[in-house]
Amino acid sequence: MGEGGVYEAFDERFRTGRCDLGDRRLETLYEGCRWAEGPLYVPAGRYLLWSDIPNDRLLRWDETTGAVGVFRSPAGHPNGNTLDREGRLITCEQGNRRVTRTEHDGSVTVLANRYLGKRLNSPNDAAVAADGAVWFSDPDFGIVSDYEGHRAESEIGACNVYRVDPADGEVRLVADGFDGPNGLVFSADGRRLYVSDSRANHIRSFDVRENGTLSGGEVFAACTLGSFDNIRFDDAGRLWAAAMDGGVHCYDPDGTLLGRVKVPEVVANIRFGGPRRNRLFIAATTSVYSLVMSVTGLPPLP
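Residues numbered from 1 in each chain as written. Predicted model: local features only at pLDDT ≥ 70, side-chain atom pairs only at ≥ 80, totals over all residues. Heavy atoms only, no water.

*Asks:* Just give me the short version of the overall build of the protein chain, but keep the residues and values in it.
*Replies:* A tally of helices and strands in the protein chain yields one helix and 28 strands. On C-alpha atoms alone, the protein chain measures out to a radius of gyration of 18 Å, which is about the 19 Å that the 2.2 N^0.38 rule sets for 302 residues. C-alpha extents for the protein chain along the principal axes are approximately 55 × 45 × 35 Å. The proportion of buried residues among the 302 residues of the protein chain is 59%. Taking all contacts inside the protein chain whose residues are at least 6 apart in sequence as the whole, residues at least 24 apart take part in 45%. Total accessible area on the protein chain stands at roughly 12,000 Å², and carbon and sulfur atoms take up 46% of it. (Helix = DSSP H or I, 4+ residues; strand = E, 2+ residues; numbered from the N terminus. Rg over C-alpha atoms; globule rule 2.2 N^0.38 Å. Buried < 20%, exposed > 50% of the residue type's maximum accessible area, 1.4 Å probe, protein only. Contact = heavy atoms within 4.5 Å. Areas by Shrake-Rupley, 256 points an atom, 1.4 Å probe, with all protein chains shown as cover.)

What follows is the structure, given as structure tokens:
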């Protein structure tokens, strides 16, 4: 339907929904990564954390000064990052094949590193539910080579999605049948879980039961321009997806591709942040970009 700055509309709802009225250009916050992933805005400190996986480090950008420094190195070849309900950092460490929590005093607690006694493959992305349970995807991306982790054989023999029970810490399998499970995110009410499968190149949607199990798993959207990585919701129920060389895609709640944000590098991960949650942070290959938008990211689960 046409272009406007960094935005490209495929459906009139992209414009009527005021998705394209923000900044007309991307702002570059940092250059110099090998493969940037996992951006996480921390409101209490007004800073952004992200992973530079091959360089085995977490980086930190200060929103008030613009300064960038190393937050942690070595960091276990980290990928996805999120916050739990107490504001503690949850990190998927591909190289260490585990999911960790950084406590307020800086110490690190291992939340998950095995399933039924077998080592995980390489945890990729995590989401925290309203009950405090940590859900995470576990593809084999970090064990297929030494670039983003350490080459190894899968002990589990499959790529799945798991849940860490908040009561007893048990790691439970919640969804299987994936080729390469990647980004995952809950709907606003926490009743649905969306999971991108990078190798199958689609996003699946599951119903979340009260007992922490899933049902369904139908395909919500298939990628026709690029390849899916992580996913995020805005507060109008639209799903935004990092689509590698396709930029950042925007999907209506009915699964229609409405438009996209064009990015000059391959986009791995995105995250809404800033004081008003209307700043989209984009981790794209060697760089981290931001775009102040006319849409607002979904607030944390109540």
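Picking up after the structure, the text goes on.
*Asks:* Lay out the sheet that holds strand β21 (residues 214–222) in plain terms, naming residues and giving numbers.
*Replies:* Read across the sheet, four strands follow the order β18-β19-β20-β21 without closing on themselves; strand pairing throughout is antiparallel. Only two strands of the sheet have a single partner each, and these edge strands are β18 (181–186) and β21. Taking each pair of neighbouring strands and ignoring which way they run, the sheet shows an average axis angle of 25°. As paired elements, β18 and strand β19 (residues 192–197) share four bridges and run antiparallel to each other. In the strand pairing of β19, Leu-184 is matched with Val-195. (Pairing = 2+ DSSP bridges. Axes fitted to C-alpha atoms, helices over the stretch in contact; angles between N-to-C directions.)

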